[in-house]
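Examining the three-dimensional arrangement
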Amino acid sequence: MNTPRRVEHQQTDRGTIPVYATGVVEQPWDDYTSVDHHVWGELFARQREVLAGRACQEFLDSQNVLQMTADAIPKFSELNPILREATGWELVGVEGLLPEYTFFEHLANRRFPVTWWIRKPEQIDYISEPDLFHDLFGHVPLLMNPIFADYMEAYGRGALKAHGISEEALLNLTRLYWYTVEFGLIRTAAGLRIYGAGIVSSKGESIYCLESDAPNRIGFDLERIMRAQYRIDTYQQTYFVIDSFEQLFEATLPDFTPIYARLANQPSIRARDVLDSDDVIHRGTREGFATDEDA
Ligand SMILES: C[C@H](O)[C@H](O)[C@H]1CNc2nc(N)[nH]c(=O)c2N1
Ligand SMILES: N[C@@H](Cc1ccccc1)C(=O)O
Ligand SMILES: [Fe+2]
């Protein structure tokens, strides 16, 4: 944790918490209520059950190495030594969504921002912003994987660079984050598996992304993904599938500057669309998709 430069006590609708000048906050573990721990436990147990055979093995194994259980909300102070030892990453508590630049700066320095508060019982099935469960249960485990950990740092550095290039370049990169870190699937010998954090925190989407005929499933293609629009209010209409974390990391090694220039001349692609050039694993039926054609 950063040593406090200046501590203010900020009244928030979730109680009084110390907010540091860096926007990083201590995890107020002693202030979590039994309801908070119960929400964590119920979500943890339910998701571990639905993710058996659906999440990739690295994800499930990493949660065990981090000693996450349904018993209580994990302590960042107990996770950080394990994480630092494995890949040099650490968790920092935050209030919630950060300004993009701040977020990318954390990633570029192997700090993953984890929201300190957890959703309310009535939000168990859906919440519109990342809470502790999404960040801690969803994003943190794969930071134990050395290749994925390298990808996340490189992503942060790349995003800071893209921020200096153009809004469009940053949009291209945000799409890459969305279709990999948040909603990515991976090929395994046993079939497609989940690694995206936005999927693993949702019971419905954990099943839908692998078993529904409605969405497209398309093989990883960096520039294709960077052109693909996405929806934040429904299950994904298209999932992109990597062969391995190595494939993902290696695809992002080149300098993206010429890629951004090439993409600037190409139209974006609707989330539901499939191109003739796509490596189509499954062409979706689009059953249940909203009919607003322009999205
Ligand atoms: C990557 C993309 O820009 C995304 O919207 C960022 C913005 N700020 C964030 N802030 C926090 N705390 N957590 C996040 O996942 C994100 N995501
Ligand atoms: N290599 C990319 C940065 C990047 C790294 C990892 C993921 C995405 C982008 C660039 O030069 O801009
Ligand atoms: Fe997320």
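Residues numbered from 1 in each chain as written. Chains lettered and ligands numbered in written order. Predicted model: local features only at pLDDT ≥ 70, side-chain atom pairs only at ≥ 80, totals over all residues.

Turning to the site of ligand 1, a few remarks are in order. Ligand 1 sits among Val94, Leu97, Leu98, Glu100, Phe103, Pro113, Pro130, Thr174 and Tyr177. If you list the elements that add at least two residues to the shell around ligand 1, you get α4 (100-108) and α7 (167-182). Here the shell around ligand 1 is built from residues that sort into seven nonpolar, one polar and one charged. (Near = placed C-beta within 6 Å. Helix = DSSP H or I, 4+ residues; strand = E, 2+ residues; numbered from the N terminus. Nonpolar A, V, L, I, M, F, W, Y, C, P; charged D, E, K, R; others polar.)

This part covers the UniProt feature "binding site: Fe cation" (unreviewed entry) in the chain. UniProt marks His134, His139 and Glu182 with the feature "binding site: Fe cation" (unreviewed entry), using the numbering shown here. On the basis of their most widely separated C-alpha atoms, the annotated residues across 49 residues gather in one place, lying no more than 10.1 Å apart. For His134, the location among the structural elements is in helix α5 (residues 132-139). Those residues within four positions of His134 in sequence are excluded, and the remaining contacts are Ala197 and Ser201. Looking at where His139 falls in the secondary structure, it is placed in helix α5. You can call His139 buried: it has 22 C-beta atoms within 10 Å. (UniProt positions renumbered as here; feature names shortened; annotations may be inferred. Contact = placed C-beta atoms within 7 Å. Buried ≥ 20, exposed ≤ 12 C-beta atoms within 10 Å, placed from the backbone.)

Further remarks concern the confidence of the model for the chain. Mean pLDDT over the chain: 92, with 91% of residues reaching 70 or higher. Ignoring residues within four places in sequence, the model shows residues 1-7, a span with pLDDT below 50, making eleven contacts including any to other chains. For this predicted complex, the interface score ipTM comes out at 0.94, alongside a pTM of 0.92. (pLDDT = per-residue confidence, 0-100.)

Tracing the backbone through its elements, the reader meets Thr174 in helix α7. C-alpha of Thr174 to C-alpha of Leu136: the two residues are 38 residues apart in sequence and 20 Å apart in space.

A few words now on the sheet that holds strand β7 (residues 191-194). The strand order β7-β6-β9-β8-β10 describes an open sheet built from five strands, whose pairing is mixed. Because the sheet does not close on itself, it has two edges, and the strands there are β7 and β10 (280-282). Between one strand axis and the next, the sheet turns by 35 degrees as a mean value, whatever way the strands run. Sheet topology places strand β6 (residues 185-188) next to strand β9 (residues 238-242); two bridges connect them, and they run parallel. If you follow Ile186 over to β9, its bridge partner there is Ile242. (Pairing = 2+ DSSP bridges. Axes fitted to C-alpha atoms, helices over the stretch in contact; angles between N-to-C directions.)

In the sheet, β6 pairs with β7 via four bridges, with the strands oriented antiparallel. Residue pairing across strands places Thr188 opposite Gly191, the latter belonging to β7. With antiparallel pairing between neighbouring strands as the criterion, β6 and β7 make up a hairpin whose turn holds two residues.

Following the sequence through the fold, Phe103 ends up in helix α4. Put simply, Phe103 and Leu160 are 57 residues apart on the chain and 9.6 Å apart in space, counted from C-alpha to C-alpha. When near neighbours in sequence (up to four residues on either side) are disregarded, Phe103 contacts Leu98 and Pro113.

Take the nonpolar core next. The biggest cluster of nonpolar side chains holds 68 residues, and the ones touching the most others in it are Leu91, Val114, Leu132, Leu143, Ile194 and Val200. Residues in contact with Leu91, not counting those within four places in the same chain, are Phe76, Leu79, Asn80, Leu83, Phe112, Val114 and Val140. (Core = buried A, V, L, I, M, F, W, Y, C linked by C-beta atoms within 7 Å.)

Close to ligand 2 lie Ala154, Tyr155, Gly158, Lys161, Leu173, Leu176, Thr252, Leu253, Pro254, Asp255 and Phe256, which account for all nearby residues. Top element by residues in the shell around ligand 2 is helix α6 (residues 146-165). It accounts for four residues. Grouping the amino acids of the shell around ligand 2 by side-chain chemistry returns seven nonpolar, two polar and two charged.

This next bit is on unusual backbone geometry. In this structure, Gln67 is a non-glycine residue whose phi angle is positive, near 60 degrees. As for its position among the elements, Gln67 is in the loop between α2 (57-65) and α3 (76-87). Assessed through the 10 C-beta atoms surrounding it within 10 Å, Gln67 is described here as exposed.

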